[in-house]
Number of protein chains: 2
Amino acid sequence: MSSRLPRITLADQVRDHIVMEIAQGRLAPGAPVRELEIAERLGTSQTPVREAFRKLAAVGLLETRIHVGTRVRDLTEKDLTDAVPVRAALEGIAGRLIAEGGLTADDELLDQMEQMESVARGGNRIALATACTAFHRRIITLAGNDSLSRAWESLGIEVMTLMALAHTEIDAVQAALSHLPVYAALTSGDPVLAERELSAHQFAFVPSSEGPPVADVAG
Amino acid sequence: MSSRLPRITLADQVRDHIVMEIAQGRLAPGAPVRELEIAERLGTSQTPVREAFRKLAAVGLLETRIHVGTRVRDLTEKDLTDAVPVRAALEGIAGRLIAEGGLTADDELLDQMEQMESVARGGNRIALATACTAFHRRIITLAGNDSLSRAWESLGIEVMTLMALAHTEIDAVQAALSHLPVYAALTSGDPVLAERELSAHQFAFVPSSEGPPVADVAG
DNA sequence: ACATCGTACGTTATCGATAATGCTTGACAC
DNA sequence: GTGTCAAGCATTATCGATAACGTACGATGT
């Protein structure tokens, strides 16, 4: 579709395809997905589909029972809220590391922020989710910690963000603008501030939760 | 070899086999590993080996370049130290959640602690690594947060622990005993204490690092 | 009516073979 | 001497087919 010479593996293309199908509701939660059926529909063999299934199962989007079948995992409220404190901790670490490194500016982060605001005003929530994910992934990358990257990727942020923006009433423009103070904190040179801001950012759109209890902080 | 009726998939057996080969030094860091060669050696086809490779690459133990090859990742000092703050954050969260849940005792944790002390005194460092991993995995499980579990698993703790205990001078008995205050904190009912203790536990054997900077805490 | 066993079916898990890709080496032109 | 290109090689990526497994249903006996 995009190019006749695939730069990435078929398995990854299949994976992205399935993610989109789920995010857009064409694959409902709980619906069974069969490797051979998807393979036939996409014109591939079972092998890349199987690989895609494994990756999606690893981030909790699919659920496979050996020799029985695979189905779309029904993401409960708990699944969504569970991810929040973990993300908060991980991105908090990223913020601290970046600020310790003395970051003063980053063009890619700036680009993604502009992109977010632009598409949010245009009402394109899927594009907003894409840009938002790219922004946060960039932060993780800037931290330069492979373990951190792997842990973050394991949360399947793409999907969560897509789902959250596609199926909730969150205000897109407000969500886009909420990244400005994040950028400011990252470039402030203050590790404690950066960690706190990055962490708090995760709780911004989860009204029911207000973050973990912390010991009293002076100031 | 072990059983003629495999209860788990071949891919997982292959994965465990490769982990052991790496941990025991039979597969050196940087050494190339070819899917078909491993398949032949283990008497399977390429498919399960490939799946095992992907899982191991996901935890950073192998490194695959598309259409080129896979090699054992050379775990640098940085890789080991990178994992520490991430583990600290994740297990800290686990500690907080468990204490909030009001855990008073857990037989499995107690069993693993006994096991650790026993095998440590016997000098079996591999068994110590196994028990230690089981202990910490149990903690993550007790937290009851799927995102947390996935993030933790993504760090490949098994391998890291195995490598650390197999190739360093860490005192086994001391390492085993260091889990007692962890258990005490978990069952104390104090979320802040549990989070702090679980987190600090990760820095115990990393002399060069003393943990992240924190805001001044009253008391 | 109920329990037990066997059998048929759907799906994944595995296989063996082939296609596709990136790297390397060497020839060749300049 | 150096750069460019082409052919060959090593390895993965993908394919199509088969085997293995778990489930559900129905037959059978009590």
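Residues numbered from 1 in each chain as written. Chains lettered and ligands numbered in written order. Predicted model: local features only at pLDDT ≥ 70, side-chain atom pairs only at ≥ 80, totals over all residues. Heavy atoms only, no water.

## Thoughts on the relation of the copies chain B and chain A
Copy one and copy two of the chain differ by a rotation about an axis and a translation along that axis. Turning chain B through 180° and shifting it by 0.1 Å along the axis lays it on chain A, with an RMSD of 0.2 Å. Read as a symmetry element, the transformation amounts to a two-fold axis. (Least-squares fit on C-alpha atoms with pLDDT ≥ 70 in both.)

## Concerning the protein's contact with DNA strand C
What surrounds DNA strand C is a group of 22 residues, the closest being A:Arg34, A:Arg50, B:Leu10, B:Ser45 and B:Thr47. Protein-proximal atoms of DNA strand C, defined as those within 4 Å of the protein, fall in sugar or phosphate at a share of 73%. A distance of 2.3 Å is found between a phosphate oxygen of DNA strand C and a side-chain nitrogen or oxygen belonging to A:Arg50. Contact between DNA strand C and B:Gln46: a base nitrogen at 3.3 Å from a side-chain N or O atom of the residue. When residues of the surface near DNA strand C are traced back to their parent elements, those giving at least two are helix 2 (35-42), helix 3 (46-58) and strand 3 (69-72) of chain A together with helix 1 (10-23) and helix 3 (46-58) of chain B. Residue contributions to the surface near DNA strand C peak at three residues, all from helix 3 of chain B. Considered class by class, the residues forming the surface near DNA strand C number eight nonpolar, 10 polar and four charged. (Near = heavy atom within 4 Å. Polar contact = N/O pair within 3.5 Å; in protein donor to acceptor, adjacent residues only side chain to side chain. Helix = DSSP H or I, 4+ residues; strand = E, 2+ residues; numbered from the N terminus. Nonpolar A, V, L, I, M, F, W, Y, C, P; charged D, E, K, R; others polar.)

## Let's talk about the protein's contact with DNA strand D
Neighbouring DNA strand D are 22 residues; A:Leu10, A:Ser45, A:Thr47, A:His67 and B:Arg50 lie closest to it. Backbone atoms, meaning sugar and phosphate, form 74% of the atoms of DNA strand D found within 4 Å of the protein. At 3.2 Å, a side-chain N or O of B:Arg34 approaches a phosphate oxygen of DNA strand D. One of the side-chain N or O atoms of B:Gln46 is found 3.3 Å from a base nitrogen in DNA strand D. Contributing elements (two or more residues each) for the surface near DNA strand D: helix 1 (10-23) and helix 3 of chain A together with helix 2 (35-42), helix 3 and strand 3 (69-72) of chain B. Class assignment of the residues belonging to the surface near DNA strand D gives a composition of eight nonpolar, 10 polar and four charged.

## Some details on the interface of chain B and chain A
Listed by partner, the interface residues are 36 residues for chain B and 37 residues for chain A. Among the salt bridges present, the one from A:Glu51 reaches B:Arg54, with a minimum N-O distance of 2.8 Å. Seen at the junction of chain B and chain A, the total is 14 residue pairs in polar contact (both at pLDDT 80 or more). Secondary-structure elements contributing two or more residues to the side of chain B that touches chain A are helix 3, helix 4 (77-100) and helix 7 (146-153) of chain B. Of the residues belonging to the side of chain B that touches chain A, the class tally is 18 nonpolar, six polar and 12 charged. (Contact = heavy atoms within 4.5 Å. Salt bridge = Lys/Arg side-chain N within 4 Å of Asp/Glu carboxyl O.)

## A word on unusual backbone geometry
All names here are of chain A. Notably, His-67 is not glycine yet its phi reads approximately 65°, a positive angle. Looking at the element boundaries, His-67 is found in the loop between strand 2 (62-65) and strand 3. On the basis of relative accessibility, which here comes to 84%, the residue His-67 falls in the exposed class. (Buried < 20%, exposed > 50% of the residue type's maximum accessible area, 1.4 Å probe, protein only.)

## Regarding helix 6 (residues 125-143) of chain B
Residues and elements named next belong to chain B. Counted at 1.5 Å a residue, the expected span for helix 6 with its 19 residues is 27 Å, and the 27 Å between its end C-alpha atoms agrees. Of all the residues in helix 6, the buried ones are Leu-128, Ala-129, Ala-131, Cys-132, Thr-133, Phe-135, His-136, Ile-139, Ile-140 and Ala-143. Between a side-chain oxygen at the N-terminus of helix 6 and the backbone nitrogen of Ile-126 the separation is 3.3 Å; the capping residue is Asn-124. Among the residues trailing helix 6, Gly-144 stands out with phi positive, at a value near 65°. (Expected span 1.5 Å × (residues − 1).)

## Points about the sheet that holds strand 1 (residues 32-33) of chain B
All names here are of chain B. Read across the sheet, three strands follow the order 1-3-2 without closing on themselves; strand pairing throughout is antiparallel. Every interior strand has two partners, whereas the edge strands, strand 1 and strand 2 (62-65), have only one. Sheet topology note: the strand 2/strand 3 ladder contains four bridges and is antiparallel. Each bridged residue has a counterpart across the sheet, and for Glu-63 the counterpart in strand 3 is Arg-71. (Pairing = 2+ DSSP bridges.)

## Comments concerning the sheet that holds strand 2 of chain A
All names here are of chain A. Spatial ordering of the open sheet is given by 1-3-2, a layout of three strands whose pairing is antiparallel. Strands at the two margins of the open sheet, each flanked by one partner only, are strand 1 (32-33) and strand 2. Relative to strand 3, strand 1 is paired through two bridges, and the arrangement is antiparallel. Looking at the pairing, Val-33 lines up with Thr-70 of strand 3.

## A word on the domain arrangement of chain A
Residue and element names in this part refer to chain A. The domain boundaries assigned to chain A delineate domain 1 (10-72) and domain 2 (77-203). When each unit is reduced to the centre of its C-alpha atoms, the spacing between domain 1 and domain 2 is 27 Å. Of the residues lining the interface, eight residues belong to domain 1; the matching set on domain 2 comes to 10 residues. Carbon and sulfur atoms make up 79% of the surface buried where domain 1 meets domain 2, a total of about 650 Å² over both sides. (Domains from an automatic or database assignment. Buried area = accessible area lost by both parts, 1.4 Å probe.)

## Quick word on the nonpolar core
Residues A:Leu90, A:Ile139, B:Leu90 and B:Ile139 are the most contacted members of the largest nonpolar core, which totals 108 residues. When near neighbours in sequence (up to four residues on either side) are disregarded, B:Leu90 contacts A:Val86, A:Leu90, B:Leu148, B:Ala151, B:Trp152 and B:Leu155. (Core = buried A, V, L, I, M, F, W, Y, C linked by side-chain atoms within 4.5 Å.)

## Some remarks on the pattern of salt bridges
Note that side chains of opposite charge can pair when their charged atoms are close. Residue and element names in this part refer to chain A. All chains considered together, the criterion is met by 41 salt bridges over all chains. With a closest N to O distance of 3.1 Å, Arg-26 and Glu-21 form a salt bridge. Judged by its relative accessible area of 8%, Glu-21 is buried. One salt bridge connects Arg-96 with Glu-195, and the closest N-O pair in it is separated by 2.9 Å. You can see Arg-96 sitting in helix 4 (residues 77-100) and its partner Glu-195 sitting in helix 11 (residues 191-203), a full 99 residues away along the chain. For Arg-96, a relative accessible area of 7% puts it in the buried group. In the salt-bridge network here, residues are joined through shared partners; they are Glu-21, Arg-26, Arg-34, Glu-37 and Arg-41.

## Looking at the packing of helix 4 of chain A against helix 7 (residues 146-153) of chain A
To characterise two packed helices, one gives the angle between the axes of the helices and the distance between these axes. Residue and element names in this part refer to chain A. Look at helix 4 against helix 7: their axes get within 10 Å of each other, and the N-to-C directions meet at 150°. By the angle class used here, helix 4 and helix 7 are roughly antiparallel. The element helix 4 and its partner helix 7 pack so that their crossing is left-handed. The residues of helix 7 that touch helix 4, namely those facing Arg-87, Leu-90, Glu-91, Ile-93, Ala-94 and Leu-97, are Leu-148, Ala-151 and Trp-152. (Axes fitted to C-alpha atoms, helices over the stretch in contact; angles between N-to-C directions. Parallel < 35°, antiparallel > 145°, perpendicular 65-115°, else oblique. Left-handed = near helix turned anticlockwise from the far one by under 90°.)

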